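Below, each chain spelled out in residue letters.
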Amino acid sequence: MTVRLRAHHLLCMLTYQGKGYSPAFIAGVDAIATRIGEGEEISLVQGPDDICSPLLPDSDPHCLRESAQSRDELSRSDLSALLGVCLETGSSIRIDPAMLETMRAAFSSGLTRRACQGCEWRELCDSIAQDDFRPVVLATVKAAQT
Ligand code: SF4
């Protein structure tokens, strides 16, 4: 199995605390975070992904807005530079413990936060990062199997 994620949700997963739009939505995102933590491969997609697709029936779903696409582009660029990989649509990535630490450090320092500009949850995500990412659902990830 593969988790389908749009690029800016790689950032959002770092600070996700198990809160969201509805119990069903939370259960879905919890399951995705668990799969990522277990080392499941992530496939980069454009537009609605496994996290936001369930919200498509909403009126004016934010995952279809231009701002979400812009966040994807900024995240794709910043995370590609940070991780030294090419995160294009269709790319695959598996988050290992070292990568999680690198992504958290960059998030805390602001290096990868261009995508967060104007986001209504920015202050919350700032405080979670300042609190050393406690408590988040993606608390740890498994090391890659050799
Ligand atoms: S501030 Fe918004 S875009 Fe940035 S990680 Fe938090 S929820 Fe995601």
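Quick summary incoming for the structure in this document. It should be emphasised that the depicted structure is a prediction, and the values quoted were computed from it without experimental measurement. (Residues numbered from 1 in each chain as written. Predicted model: local features only at pLDDT ≥ 70, side-chain atom pairs only at ≥ 80, totals over all residues. Heavy atoms only, no water.)

Bringing the site of the ligand into the picture now. As a structural note, the neighbourhood of the ligand is formed by Leu11, Cys12, Phe107, Arg113, Cys116, Cys119, Trp121, Arg122 and Cys125. The cavity that encloses the ligand is the largest pocket. Counting only elements with at least two residues in the shell around the ligand, the list comes to α1 (8-15) and α5 (122-130). Residue composition of the shell around the ligand, by class: 7 nonpolar, no polar and 2 charged. (Near = heavy atom within 4 Å. 1 Å grid on protein atoms, 1.4 Å probe; cavity = no way out; pocket = protein on both sides within 12 Å on 5 of 7 lines; lining within 4 Å. Sits in = over half its atoms within 2 Å of the grid points. Helix = DSSP H or I, 4+ residues; strand = E, 2+ residues; numbered from the N terminus. Nonpolar A, V, L, I, M, F, W, Y, C, P; charged D, E, K, R; others polar.)

On to the sheet that holds strand β2 (residues 41-45). Strand order across the open sheet formed by 3 strands is β1-β2-β3, with mixed pairing between neighbours. This sheet does not close on itself; its edge strands, each paired only once, are β1 (2-6) and β3 (92-93). Contacting β1 and β2, helix α2 (residues 23-37) crosses the sheet at an angle of about 115 degrees to β1. (Pairing = 2+ DSSP bridges. Contact = heavy atoms within 4.5 Å. Axes fitted to C-alpha atoms, helices over the stretch in contact; angles between N-to-C directions.)

Before going further, it helps to examine the side chain of Arg71. Note that Arg71 resides in helix α3 (residues 66-83). Not counting residues up to four positions away in its chain, the partners in contact with Arg71 are His8, Ala115, Cys116, Gln117, Gly118 and Cys119.

A surface patch of nonpolar side chains, amounting to about 300 Å² of accessible area, comprises Tyr21, Trp121 and Leu124. Turning to its location among the elements, Trp121 is positioned in the loop between α4 (97-109) and α5. (Patch = residues over 30% accessible without salt bridge, like charges linked within 9 Å, V, L, I, M, F, W, Y side chains within 5 Å. Areas by Shrake-Rupley, 256 points an atom, 1.4 Å probe, with all protein chains shown as cover. Salt bridge = Lys/Arg side-chain N within 4 Å of Asp/Glu carboxyl O.)

On to the nonpolar core. One broad trend across soluble globular proteins is that nonpolar side chains are buried collectively. With 35 residues, the main nonpolar core has Leu5, Leu10, Met13, Ile36, Ile42, Ile95 and Phe107 as its most contacted residues. Secondary-structure elements contributing two or more residues to this core are β1, α1, α2, β2, α4 and α5. It is α2 that provides the largest number of residues to this core, a total of 6 residues. (Core = buried A, V, L, I, M, F, W, Y, C linked by side-chain atoms within 4.5 Å. Buried < 20%, exposed > 50% of the residue type's maximum accessible area, 1.4 Å probe, protein only.)

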